[in-house]
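# Understanding the architecture of this molecule
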Amino acid sequence: MKKLIYLIAAMALFSCNKDDDNNPPEITMQSLAGDYMITSAKVNGIDVLDTYLDPCQQDDVYTLQADGTYTITDAGTTCNPRSDTTGTWSLSGNIITIGTQQFTIVNFNGSTIEATTSVMQGPITVPVDVVFTRQ
């Protein structure tokens with residue numbers, strides 16, 4: 001009987017709580033604050049990261065501060081001239097605006113922001129699914 005009690009106690013101690021995995025963090029400026037890289041950009045499921053970002057921009061780090069300021073650091077392969085940028089960002093519901101670009105957050109799990117945005121391609125507005133991955 002003692003072995004059964006120890007086994008149950010050990011299982012309770014070392015089991016993970018799956019409910020925590022299903023409760024994503026609340027989307028706030030504080031929870032979003034951090035360093036990110038754009039790791040995916042897709043149109044209709046097709047990878048277009050190379051189409052919208054030069055290779056020297058694909059490794060840039062986006063730093064969102066909880067005070068509403070941001071910095072884009074030209075990291076890794078640097079552009080010529082460097083493309084470091086600063087500005088302000090805001091959050092309204094699930095709409096994040098970084099500079100002048102608006103993104104609708106579809107999913108946030110604490111380490112990635114999955115969002116959609118629109119980009120003008122000539123006279124056509126194209127929806128783009130973007131993934132920002134926390135660094």
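Residues numbered from 1 in each chain as written. Predicted model: local features only at pLDDT ≥ 70, side-chain atom pairs only at ≥ 80, totals over all residues. Heavy atoms only, no water.

## Thoughts on empty space enclosed by the protein
- Scanning the model with the defined rule gives one cavity of 30 Å³ or more in all.
- Each pocket or cavity is described by its volume, and for the largest cavity that value is around 40 Å³.
- Together, Tyr36, Tyr62, Leu64, Ile96, Ile98, Ile113 and Phe132 line the largest cavity.
- Only strand S3 (61-64) and strand S6 (95-98) provide two or more residues apiece to the lining of the largest cavity.
- Of the residues assigned to the lining of the largest cavity, the class counts are seven nonpolar, no polar and no charged. (1 Å grid on protein atoms, 1.4 Å probe; cavity = no way out; pocket = protein on both sides within 12 Å on 5 of 7 lines; lining within 4 Å. Points joined across faces, edges and corners; volume = space filled by probe spheres on them. Helix = DSSP H or I, 4+ residues; strand = E, 2+ residues; numbered from the N terminus. Nonpolar A, V, L, I, M, F, W, Y, C, P; charged D, E, K, R; others polar.)

## With respect to the nonpolar core
- Within the largest apolar cluster, 24 residues are counted, with the highest numbers of intra-cluster contacts made by Ile96, Ile113 and Phe132.
- Listing elements by their share of this core, those giving two or more residues are strand S1 (34-43), S3, strand S4 (69-73), S6, strand S7 (101-108), strand S8 (112-121) and strand S9 (124-134). (Core = buried A, V, L, I, M, F, W, Y, C linked by side-chain atoms within 4.5 Å. Buried < 20%, exposed > 50% of the residue type's maximum accessible area, 1.4 Å probe, protein only.)

## A word on the state of the cysteines
- Following the criterion strictly, the structure yields one disulfide and no others.
- Across a sulfur-sulfur distance of 2.0 Å, Cys56 and Cys79 are joined as a disulfide pair. On the sign convention where negative is left-handed, the bridge of Cys56 and Cys79, at about 95 degrees about the S-S bond, is right-handed. On the criterion of sequence distance, the pair formed by Cys56 in the loop between helix H4 (49-52) and S3 and Cys79 in the loop between S4 and strand S5 (85-92) is long-range, its members being 23 residues apart.
- On the basis of relative accessibility, which here comes to 13%, the residue Cys56 falls in the buried class.
- When its relative accessible area of 12% is taken as the criterion, Cys79 is described as buried. (Disulfide = S-S within 2.5 Å.)

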